[in-house]
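Here's the letter readout for the chains.
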Amino acid sequence: MNKKRVFSGIQPSGGIHIGNYLGAIKNWVDFQKDYDNIFCVVDLHTITVRQDPKILKEKIRETAGLLLACGIDVEKSVLFAQSYISAHSELAWILNCFTPMGWLEKMTQFKEKAAGGRERASVGLFDYPVLMAADILLYDTDVVPVGEDQVQHVELARDVAKRFNSLYEKDIFKIPEVKIKKETARVMGLSNSEKKMSKSDAGENNAINLLDTPDVISKKIMAAATDSENKILFDINRPAIYNLLVIYESFSGLTKGEIESKFVDGKYADFKKDLAELVAEKLKPIREKYKEISESGEIEKVLKQGADKARPMAEAKLKEVKEVIGLG
Ligand code: ATP
Ligand code: LTN
């Protein structure tokens, strides 16, 4: 029986953090046994805001290396960088011509990211969800595992696909389903628990990166915001401590009840110390594996081979789309 296809992407826009890991990457790794998987380093999405060329080039490789270090296995999954396959840009252009501006006006991420001024934001930033729809629709994707912030974009991809199929009265595009892992779909910042942990966030203690050393992890967790209640309970109305507890739960595999009992008489400082040790212990193998992979010089080859596997699928879908429109 044919396995269902998973497609997801990650931007090479900075250090990969535990929000990316718990909200997305860890699920991708787990899905590998049951699905047919394609994972993409979405470098074209990253240039929607200005990037230093040298750093971008390094980050593309670092991001791919980290996915491998987290457990993405090229025997089971295709891993490539978006800009290596021009069909992504080409389908995005075509879909632009089928997407009403009004749909994009509703996207909350654009409103947030263009906060500095809509007039100065690039057209690419506005159009970001259409490129994402192209990524997904090129591969007959069944399932798109993402964090909560991307759900609206996957819904847009569904709407674009449905509209196109109905205009041409043909099932050209498969309609993808979004998949989120409820508990960790939105890991919040450590300093500001009102905003999601983010790569592009300015606050240096807000996110724990996968390559942070134990000392840095400890410093960030000890500095994390809490409240004045000093009670270690999963209470959603106390978002800062709740977020730290969710991180503890995901890394430890313990239940909420077990964690609350463990810290029933504890102080925040004791809990934070334990949490820092746990996170450092869980990230250690990823850091070590990443070092090995990046020193091996294999990342470039992996990306090239991944693109060679994905390209024929993408080109076949693009050809089908062009034919139905009357292009070429
Ligand atoms: P940026 O802050 O620059 O927008 P990002 O940290 O959101 O970057 P992306 O590359 O955009 O990272 O996201 C990769 C995946 O990680 C997506 O599926 C996204 O939904 C998920 N993700 C990002 N941040 C979080 C978070 N704080 N909690 C859970 N999942 C997250
Ligand atoms: N926009 C996503 C990254 C992304 C993606 C995709 C995710 C680009 N193309 C296709 C899933 C499917 C983000 O995480 N910021």
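Residues numbered from 1 in each chain as written. Chains lettered and ligands numbered in written order. Predicted model: local features only at pLDDT ≥ 70, side-chain atom pairs only at ≥ 80, totals over all residues. Heavy atoms only, no water.

- Within an unreviewed UniProt entry, the label attached to the protein reads Tryptophan--tRNA ligase.
- For the record of the protein, the UniProt heading Catalytic activity (unreviewed entry) holds the text "tRNA(Trp) + L-tryptophan + ATP = L-tryptophyl-tRNA(Trp) + AMP + diphosphate + H(+)".
- Quoted verbatim from the Sequence similarities (unreviewed entry) heading of the UniProt record, the comment on the protein is "Belongs to the class-I aminoacyl-tRNA synthetase family." (UniProt positions renumbered as here; feature names shortened; annotations may be inferred.)

Looking at the packing of helix H3 (residues 53–70) against helix H12 (residues 268–296)
Thought 1: One can describe the packing of H3 onto H12 by two numbers: an axis separation of 8 Å at closest approach and a directional angle of 125°. Classed by the angle they form, the pair H3 and H12 counts as oblique. Taken as a pair, H3 and H12 cross one another with a handedness that is right-handed. Residues Glu62, Gly65, Leu66, Leu68, Ala69 and Cys70 of H3 touch H12, and the partners they reach there are Ile286, Lys289, Tyr290 and Ile293.
Thought 2: Counted by class, the contact of H3 with H12 contains seven nonpolar, one polar and two charged residues. (Axes fitted to C-alpha atoms, helices over the stretch in contact; angles between N-to-C directions. Helix = DSSP H or I, 4+ residues; strand = E, 2+ residues; numbered from the N terminus. Parallel < 35°, antiparallel > 145°, perpendicular 65-115°, else oblique. Left-handed = near helix turned anticlockwise from the far one by under 90°. Contact = heavy atoms within 4.5 Å. Nonpolar A, V, L, I, M, F, W, Y, C, P; charged D, E, K, R; others polar.)

A closer look at the packing of aromatic side chains
Thought 1: Evaluated as defined, the whole model comprises 14 aromatic pairs.
Thought 2: Consider the rings of Phe31 and Tyr35, whose centres lie 5.2 Å apart with planes at 70°: the pair is edge-to-face.
Thought 3: Measuring from centroid to centroid gives 5.0 Å for Phe98 and Phe164, while their planes differ by 65°, and the two rings are edge-to-face. Of this pair, Phe98 sits in the loop between helix H4 (87–96) and helix H5 (101–105) while Phe164 sits in helix H8 (residues 151–168); the two residues are 66 residues apart in sequence, bridging distant segments of the chain.
Thought 4: Connected via pairs of aromatic rings, a cluster forms that spans Phe98, Phe164, Tyr168 and Phe173.
Thought 5: The ring of Phe234 carries the charged tip of Lys256 above its face, separated from the ring centre by 5.2 Å. (Phe/Tyr/Trp six-rings, centres within 6.5 Å; stacked < 30°, edge-to-face > 60°. Lys NZ or Arg CZ within 6 Å of the ring centre and 35° of its normal.)

Section: unusual backbone geometry
Thought 1: Notably, Asp140 is not glycine yet its phi reads approximately 50°, a positive angle.
Thought 2: Residue placement: Asp140 occurs in the loop between helix H7 (123–137) and strand E4 (143–145).
Thought 3: The phi dihedral of Asn230 is positive, around 50°, even though this residue is not glycine.
Thought 4: Its place among the elements puts Asn230 in the loop between helix H9 (214–222) and helix H10 (239–252).

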